[in-house]
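As a plain string of letters, each chain reads:
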Amino acid sequence: MEQNLWLLLSTMLVFLMQAGFLCLETGRTRSKNSINVAAKNIADFLVSAAVFWAVGFGLMFGDSVLGLVGSSELFFGDTQNVRQICFFLFQMMFCGTAATLASGAVAERMTFNGYLGITLILSLVIYPVTGHWAWASAYMGQPGWLQTIGFIDFAGSTVVHSVGGWVALAAIIVIGPRVGRFQRGLRLPQGSNLPMSALGTLLIWLGWFGFNGGSTLDLNEQVPIILLNTTVSALFGGLIAGLFYYVKHRYFDVAEMLNGIIGGLVGITASCHAVSPAEAALIGMISGIIVIYGSEMMVRLGLDDALGVVPAHLMTGVWGTLAVAFFGAPSMLGTDLSVWQQIGAQLLGIGVIGFYSFVISYLLMRLLNYYVPLRVSNEDEERGLNVSEHNANTELIDLLSSMHQQEKEGNFTTPVPEEPFTEVGQIARRYNQVINRVKLEIGERDSAINQFQSSEKRKSAILDSSMDCIVSIDHQGHILEFNPAAERTFGCLKHHVQGRNFFIMFLLEKDQQQALDSLEQMFTLSQGLLLNRRNTMQLQRSSEHSFPAEITITTTPLNNGLITEYTLHIRDITRQTKLQSRLKFLAYRDPLTSLYNRTFLMEKLNEALNTAQLNGLSVALLFLDLDKFKKINDTMGHKAGDELLCEVARRLNLVCREADIIARWGGDEFVVLMSGTIDQALVNARAASILEVLRESVSVQNKSFNIPTSIGVTLAVGTEITADKMIQHADIAMYHAKQKGRDNYQVFEPEMAQLASKQFNYEREMRENLDSEQFYLVYQPKIFHTKDNVVGFEALIRWAHPEEGFIPPNEFISIAEDSNLIIQLGEKVIRETLRQLSQWRAQGLIIVPISVNLSGKHLISEVLVPFIREQLEHFDIAGHYLEIEITEGVLVHDIERCIQVMAEIKSLDIRISVDDFGTGYSSLSYLKRLPLDVLKIDQTFVQECDVTEEDRKICATIISLATSLDLNIVAEGVETQGQLEQLKSMNCDVFQGYLFYKPLFVEKAAALLISSDAAIEVID
């Protein structure tokens, strides 16, 4: 029954290839032929399947006549058993595949009757006969003549794909190329929908698993390696085809990459059962190269293969069949032939099948073409086979008809129909937009004529109502127009100034000559007033009081350019100038502390660096961050925080030089810029003095505080470095000062930047790959007394970086904590742990509880308990099979919230343990309130418990405490027999450590569950 089910599943997968070929061909052909392609594919399968049922299967697998052709099993299905019917269905799908290949090569130019004729030729005369030669024994046990000489074609590189390719080649030669295919300067489009072709290729790839895997006719141990080899060959076929095409043409061609994938699939088909994955990769690479250069050879020979069937199926099929002899393991081939004998057998099979397939199909097609033309007319080909063969209109044809109707009637008021969500619909929408814009432009032109007639009336109103001064002058500077705003600004009426020289009357005496020179040169000189520019200068009123003004000069040529007038647009900017001065002052100062701000600091830093590089001087930066500011701000309010920041600013002014630039960078960060003749000793001394002055207590709202500060120091001595880079170095050094325990300064070293970059890259890669197989779980057993008694596991996350190898957890978990990835990391561990428990249970293993470690952030988050509840329900795992471990240090933060969350976890029947107990500062009063189940003795106490009295007493105390609180005890880090005996003597029962097991991969953990004597109950 299992064999039949596998064969039926493989049959369905191979049938899925028909959908794949349909998508592939539809996407690779032009839209005017898409309906024809769909109809052709359906008809191909219908005809080939019907012929194969009636005659083809019997010719291929019936009682053999001299090993040449079968003679029984016609009109299949009356007397056969279930196994034989499953085999028949599987082979029917193969026949349909070969038929689809042959007709796809001549798409877009063959009549529909021609498609059916080719399908009849292949499924009746070609495919069954060649299949009998190579595969006859698969059904009746009687071998074909090629089988008797040792010819191997496991799943049909030659019998299916090369046969289909030979028939396709014959059809290409008989029918000829598409119109314009090889016309110089004309390039036919690759298709109407390449994404559809890509989908088709993926469906074909999926179906190929049934194609190759089902050829075993049984779900046996060969199937996994066959599927792996199939995948590997396809991968490298696509990659190499894309790469070779890119090297030659400098861009990636999607169609060639898809053909490369198919070439890889075809190439491995004959030998997928008898080669290693590395050999499959090599077969796929060579297949990809064959596809690229085979396609170019077809073009050079003037053979128009619409879908690349010949290179992707025929040529790679020949190569794949030869590869059997080159790479096939003799033990898997079962022919007892030497390599050269096998090569001879393969060449003979390729030759005779190719000769028979090509010659017979070519002659029959010639004969058929004589009576029934196989090719459509040039006119029908240009019109598209959808219409000529099926009388089926497309969206594009409907669009062109609507546009022609508009042209004929001269009526553009009615838009053409728009089909939503299609490319043609987008063209129609854009066409309607163009027509609407044309109508709009015509309307605007008519409107502009009317508007021009009234524009002169508006000019007077504009001049009179404008708040800016508008003064018209002639080419000598004499005033022609003087609007009311000019009268108010300059303090004189129009009739008093009309005809007088504007520059003599209203410019300061020192500027008059330069302005007159500019007027003489039509305001084009580089000095003085410029045309069409905002010119700023001082003007004077009639009262001889000056004011800053912005002057824009435009020109108006009259009488064909013989006379030139100028218009001066003048704005009094006294108020704006004062405002700008004030804004400039505010732009460079922090309004709270009155220190310089970031903008001013960066300007001065750039200036200092430029000066230092020219004169060999030094520039130093001290980047300060207040260590306790947030706590003060949160507990006492922002007003107290502001007072503290002002006090810091005052103290910095006291301790720094007058030449130093002190700036507030933002929040509680400050920067001190030092430049000139300075050295590292001076900079270090300044950092030390700042720390000293800030350590002095400060009183805020009648409470005294200290202000511990972390300082990053960087020094540049005459080197080329950017301001941003110096800030970055100082910030990195400050971060290291915080890591060193805060309240200190650190001088930047290049290694710090490297470490920061490494941590940044780790964080980015974790964010991108957290759900990938790079992150996996290992399981460290918990032992009850002896090694054979496993009572649980601890799930531990590991990172196998693809380039750097194994990354220790202490490196990436701290980064996850800082970047808030720790919640995603914890959820992954919980989800994978429950998935593994579910899988073990499905395998029939007796499962034991698994503990997972949670961070403090995750514990007090709002998402933890709903997530655990959801995952338990999803995997149908009881809560007592999951144990949550938290470190003792978590309990010092928001203990009330911890107690609340832990109670919710306990309601799910989940055990809770405190990890690393004894290393933190948790209160015993809190410990009594916590809903705990387990205390884990930290390995720092276990390591010397058998040799050091102090550690022995600590362990005994923890065990005694746990006993009094009715808690279980687990000792972790047990590595020696002495430690084990000592802990047993203290009544500790459960252990974890390298003495028993290191963390195990999932396979070894499962094996441990099988072999363990006590993996059945939780020790309460």
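Residues numbered from 1 in each chain as written. Predicted model: local features only at pLDDT ≥ 70, side-chain atom pairs only at ≥ 80, totals over all residues. Heavy atoms only, no water.

S.K.: Tell me what's going on with the overall build of the protein, and back it up with residues and numbers.
M.R.: A tally of helices and strands in the protein yields 38 helices and 23 strands. Here the C-alpha radius of gyration of the protein, 43 Å, is well above what a compact globule of 1020 residues would show, namely 31 Å. Projecting the C-alpha coordinates of the protein onto the three principal axes gives extents of approximately 125 × 110 × 55 Å. Put simply, the protein has 1020 residues, and 50% of those count as buried. Long-range contacts, defined as pairs at least 24 residues apart, comprise 69% of the intrachain contacts of the protein with a sequence gap of at least 6. Summing over all exposed atoms, the protein offers an accessible surface of approximately 48600 Å²; the carbon and sulfur share of this is 56%. Distance between charge centres in the protein, computed from 78 positive and 111 negative side chains, equals 7 Å. (Helix = DSSP H or I, 4+ residues; strand = E, 2+ residues; numbered from the N terminus. Rg over C-alpha atoms; globule rule 2.2 N^0.38 Å. Buried < 20%, exposed > 50% of the residue type's maximum accessible area, 1.4 Å probe, protein only. Contact = heavy atoms within 4.5 Å. Areas by Shrake-Rupley, 256 points an atom, 1.4 Å probe, with all protein chains shown as cover. Lys, Arg positive; Asp, Glu negative; His and termini not counted. Charge placed at Lys NZ, Arg CZ, Asp CG, Glu CD.)

S.K.: Would you mind going over empty space enclosed by the protein in detail, with residue names and values included?
M.R.: Throughout the structure, instances matching the rule amount to one cavity of 30 Å³ or more. A volume near 90 Å³ is recorded for the largest cavity. As for the largest cavity, its lining consists of 13 residues, and the residues nearest its centre are Phe21, Leu24, Leu307, Val309 and His313. Counting residues per element, the ones that place at least two in the lining of the largest cavity are helix H1 (2-28), helix H3 (82-104), helix H9 (254-269) and helix H11 (309-327). Tallied by class, residues from the lining of the largest cavity come to seven nonpolar, five polar and one charged. (1 Å grid on protein atoms, 1.4 Å probe; cavity = no way out; pocket = protein on both sides within 12 Å on 5 of 7 lines; lining within 4 Å. Points joined across faces, edges and corners; volume = space filled by probe spheres on them. Nonpolar A, V, L, I, M, F, W, Y, C, P; charged D, E, K, R; others polar.)

S.K.: Give me the lowdown on the sheet that holds strand S9 (residues 661-666), citing residues and values where you can.
M.R.: The mixed open sheet is built from five strands, whose spatial order is S9-S10-S8-S13-S14. Strands at the two margins of the open sheet, each flanked by one partner only, are S9 and strand S14 (745-747). Across this sheet, the average inter-strand angle for adjacent strands is 20 degrees, counted without regard to direction. In terms of strand pairing, strand S8 (residues 618-626) meets strand S10 (residues 669-676) through eight bridges, oriented antiparallel. The residue of S10 that forms the bridge with phenylalanine 623 is valine 671. (Pairing = 2+ DSSP bridges. Axes fitted to C-alpha atoms, helices over the stretch in contact; angles between N-to-C directions.)

S.K.: Which residues make up the pairing of strand S15 (residues 775-784), and what values go with them?
M.R.: Most of S15 is tucked away, with eight of its 10 residues classed as buried. The sheet contact formed by S15 and strand S16 (residues 790-801) spans nine bridges and is antiparallel. Paired with lysine 782 across the bridge in S16 is glycine 792. What sits between S15 and S16 in their antiparallel hairpin is a turn of five residues, with histidine 785 showing a positive phi close to 70 degrees. Two elements, S15 and strand S23 (residues 990-992), share two bridges in a ladder whose sense is antiparallel. Each residue of the ladder has a partner; that of phenylalanine 784, found in S23, is valine 990.

S.K.: Which residues make up the pairing of strand S4 (residues 479-482), and what values do they have?
M.R.: As judged from the three bridges shared by strand S3 (residues 469-473) and S4, these two strands associate in the antiparallel manner. Looking at the pairing, serine 472 lines up with glutamate 481 of S4. Where S3 hands over to S4, the hairpin turn is made up of five residues, of which glycine 477 adopts a positive phi near 95 degrees.

S.K.: An account of a nonpolar patch on the surface is requested, with residue identities and associated values reported.
M.R.: The grouping of Leu5, Leu8, Leu9 and Met12 at the surface amounts to a nonpolar patch, some 360 Å² of accessible area in total. Considering the arrangement of structural elements, one finds methionine 12 in helix H1. The class for methionine 12 is exposed, based on a relative accessible area of 54%. (Patch = residues over 30% accessible without salt bridge, like charges linked within 9 Å, V, L, I, M, F, W, Y side chains within 5 Å. Salt bridge = Lys/Arg side-chain N within 4 Å of Asp/Glu carboxyl O.)

S.K.: I'd like to hear about the sheet that holds strand S7 (residues 563-572), residue by residue, with values.
M.R.: If you walk across this open sheet you meet the five strands as S4-S3-S7-S6-S5, and the pairing is antiparallel. Because the sheet does not close on itself, it has two edges, and the strands there are S4 and strand S5 (534-540). Mean inter-strand twist for the sheet, computed between neighbouring axes without regard to direction, equals 30 degrees. Here strand S6 (residues 546-558) runs beside S7; their pairing, made up of 10 bridges, is antiparallel. Looking at the pairing, threonine 554 lines up with threonine 567 of S7.

S.K.: Break down the side chain of asparagine 4 for me, with residues and values.
M.R.: The residue asparagine 4 is located in helix H1 in this model. Residue classification places asparagine 4 among the buried positions, given a relative accessible area of 13%. If near-sequence neighbours (up to four positions away) are discounted, asparagine 4 is found in contact with Val82, Arg83 and Cys86.

S.K.: Can you explain the packing of aromatic side chains? Please cite residues and give values.
M.R.: This structure, assessed with the given rule, holds 50 aromatic pairs. With a centroid separation of 5.5 Å and 80 degrees between ring planes, the pair formed by tyrosine 245 and tyrosine 251 is classed as edge-to-face. Among the residues examined, tyrosine 245 registers a relative accessible area of 10% and is labelled buried. We classify tyrosine 251 as partly exposed; its relative accessible area is 38%. (Phe/Tyr/Trp six-rings, centres within 6.5 Å; stacked < 30°, edge-to-face > 60°.)

S.K.: Give me the layout of surface pockets: which residues, what numbers.
M.R.: If you add up the space inside the largest pocket, you get close to 950 Å³. Taken together, 34 residues line the largest pocket, and the ones lying closest to its centre are Glu794, Leu796, Ile813, Asn853 and Asp915. If you list the elements that add at least two residues to the lining of the largest pocket, you get S16, helix H29 (809-819), helix H30 (822-842), helix H31 (856-859), strand S19 (882-887) and strand S20 (911-917). The residue makeup of the lining of the largest pocket, split by class, is 13 nonpolar, 12 polar and nine charged.

S.K.: So what's going on with the packing of helix H4 (residues 112-135) against helix H6 (residues 157-175)? Residues and values would help.
M.R.: Remark: H4 packs on H6, axes separated minimally by 10 Å, with the N-to-C direction vectors making an angle of 145 degrees. You can see that H4 and H6 cross each other, and the crossing is right-handed. Every residue of H6 that contacts H4 at Ile118, Leu122, Ile126, Tyr127, Thr130, Gly131, Ala134 and Trp135 is listed here: Val159, Val160, Val163, Gly164, Val167 and Ala171. Taken together, the residues of the contact of H4 with H6 sort by class into 11 nonpolar, three polar and no charged. (Left-handed = near helix turned anticlockwise from the far one by under 90°.)

S.K.: Provide a residue-level description of unusual backbone geometry, including the pertinent values.
M.R.: For aspartate 336, which is not a glycine, the phi torsion comes out positive at approximately 60 degrees. With respect to the helices, strands and loops of the structure, aspartate 336 is situated in the loop between helix H12 (330-333) and helix H13 (339-371). For aspartate 909, which is not glycine, the phi torsion reads 65 degrees and is therefore positive. Its place among the elements puts aspartate 909 in the loop between helix H33 (895-906) and S20. Among the residues examined, aspartate 909 registers a relative accessible area of 45% and is labelled partly exposed.

S.K.: Could you give an account of H33, with specific residues and numbers?
M.R.: Taking 1.5 Å per residue, 12 residues should reach 16 Å; H33 reaches 16 Å between its end C-alpha atoms and fits that length. Buried within H33 are the following residues: Ile895, Arg897, Cys898, Ile899, Val901, Met902 and Ile905. (Expected span 1.5 Å × (residues − 1).)

S.K.: I'd like a description of the packing of H9 against helix H10 (residues 277-300), backed by residues and values.
M.R.: At a minimum axis separation of 8 Å, H9 and H10 run at an interaxial angle of 130 degrees. Taken together, H9 and H10 sit at an angle that is classed as oblique. You can see that H9 and H10 cross each other, and the crossing is right-handed. For the pair formed by H9 and H10, the contact residues are Glu256, Asn259, Gly260, Gly263, Gly264, Gly267 and Ile268 on the first element and Ala280, Ile283, Gly284, Ser287, Val291, Ile292 and Ser295 on the second. Residue composition of the contact of H9 with H10, grouped by class: five nonpolar, eight polar and one charged. (Parallel < 35°, antiparallel > 145°, perpendicular 65-115°, else oblique.)

S.K.: So what about the side chain of serine 861? Which residues, and what values?
M.R.: Within the secondary structure layout, serine 861 lies in the loop between H31 and helix H32 (864-875). Residue class for serine 861 comes out buried when judged on its relative accessible area of 14%. The residues contacting serine 861, other than those within four sequence positions of it, are Ile823 and Arg897.

S.K.: Which residues make up H11, and what values go with them?
M.R.: The end-to-end C-alpha separation of H11 is 25 Å, in line with the 27 Å expected for 19 residues at 1.5 Å each. Of all the bends in H11, the greatest, near 30 degrees, is centred on glycine 317. The buried fraction of H11 is high, at 17 of 19 residues. (Bend = angle between axes of the 7 residues up to and from the residue.)

S.K.: Please set out the nonpolar core residue by residue, giving values where relevant.
M.R.: Within the largest apolar cluster, 91 residues are counted, with the highest numbers of intra-cluster contacts made by Tyr127, Trp135 and Met365. Here the element with the most residues in this core is H3; it accounts for 12 residues. Setting aside its immediate chain neighbours within four residues, tyrosine 127 contacts Phe52, Met60, Gln91, Phe94, Cys95, Ala98, Leu122, Trp135, Val159, Val160 and Val163. (Core = buried A, V, L, I, M, F, W, Y, C linked by side-chain atoms within 4.5 Å.)

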